[in-house]
Amino acid sequence: MNSELRDSVLYLSGNITAQTVTDAAYRQFEQLCRLKETSTLDLSNVSRADSACVSLLLTALRLKNKAVELHHIPESVRALADLYEIKDWVNP
């Protein structure tokens, strides 16, 4: 999992799974989410995602008090959000 902030957009890329979200990757993601300029999460370059990705999205929504836009959410994450009955939170 990779995360990079450019022009107030936090870009996530690679595999975002329980195996790839390491402590270091999570800490970096959380720090970038806490930055005032972070206003959007873009998941267009995520190749594989599971419930760990759902957890990251919920973390971002919590840290930004739901004032963050989510773009290009993978279908697997949409399906999990529907299963967990939180689709209204993560589906724009």
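Quick notes on the rules
Residues numbered from 1 in each chain as written. Predicted model: local features only at pLDDT ≥ 70, side-chain atom pairs only at ≥ 80, totals over all residues. Heavy atoms only, no water. Core = buried A, V, L, I, M, F, W, Y, C linked by side-chain atoms within 4.5 Å. Buried < 20%, exposed > 50% of the residue type's maximum accessible area, 1.4 Å probe, protein only. Helix = DSSP H or I, 4+ residues; strand = E, 2+ residues; numbered from the N terminus. Contact = heavy atoms within 4.5 Å. Pairing = 2+ DSSP bridges. Axes fitted to C-alpha atoms, helices over the stretch in contact; angles between N-to-C directions.

In the nomenclature of an unreviewed UniProt entry, the protein chain corresponds to Sulfate transporter from the organism Neisseria iguanae.

Visitor: Explain the nonpolar core to me, using residue names and the numbers behind them.
Guide: In terms of nonpolar packing, the biggest core is built from 28 residues, with Met1, Leu12, Ile16, Phe29, Leu41, Leu57 and Leu70 touching the most fellow members. Of all the secondary-structure elements, those providing two or more residues to this core are strand 2 (9-16), helix 1 (23-34), strand 3 (40-49), helix 2 (51-63) and helix 3 (75-83). Setting aside residues up to four positions removed in sequence, Ile16 forms contacts with Met1, Val21, Val46, Arg48, Ala49, Asp50, Ala52, Cys53 and Leu56.

Visitor: An account of the sheet that holds strand 2 is needed here, citing residue identities and associated values.
Guide: Picture the strands of a sheet paired through backbone hydrogen bonds; they go either parallel or antiparallel. Across the sheet, which stays open at both edges, the 4 strands sit in the order 1-2-3-4 with mixed pairing between neighbours. In the strand order of this sheet, the two ends are held by strand 1 (2-6) and strand 4 (69-71), each with one partner. Pairwise comparison of adjacent strand axes, ignoring direction, gives a mean angle of 20° for this sheet. Across 7 bridges, strand 2 lies against strand 3 in parallel orientation. Paired with Leu10 across the bridge in strand 3 is Leu41. Contacts between helix 1 and the sheet are confined to strand 1, strand 2 and strand 3, with strand 1 contributing the most and set at about 20° to the helix. Across the face of the sheet, helix 2 comes into contact with strand 2, strand 3 and strand 4 while running at roughly 170° to strand 3.

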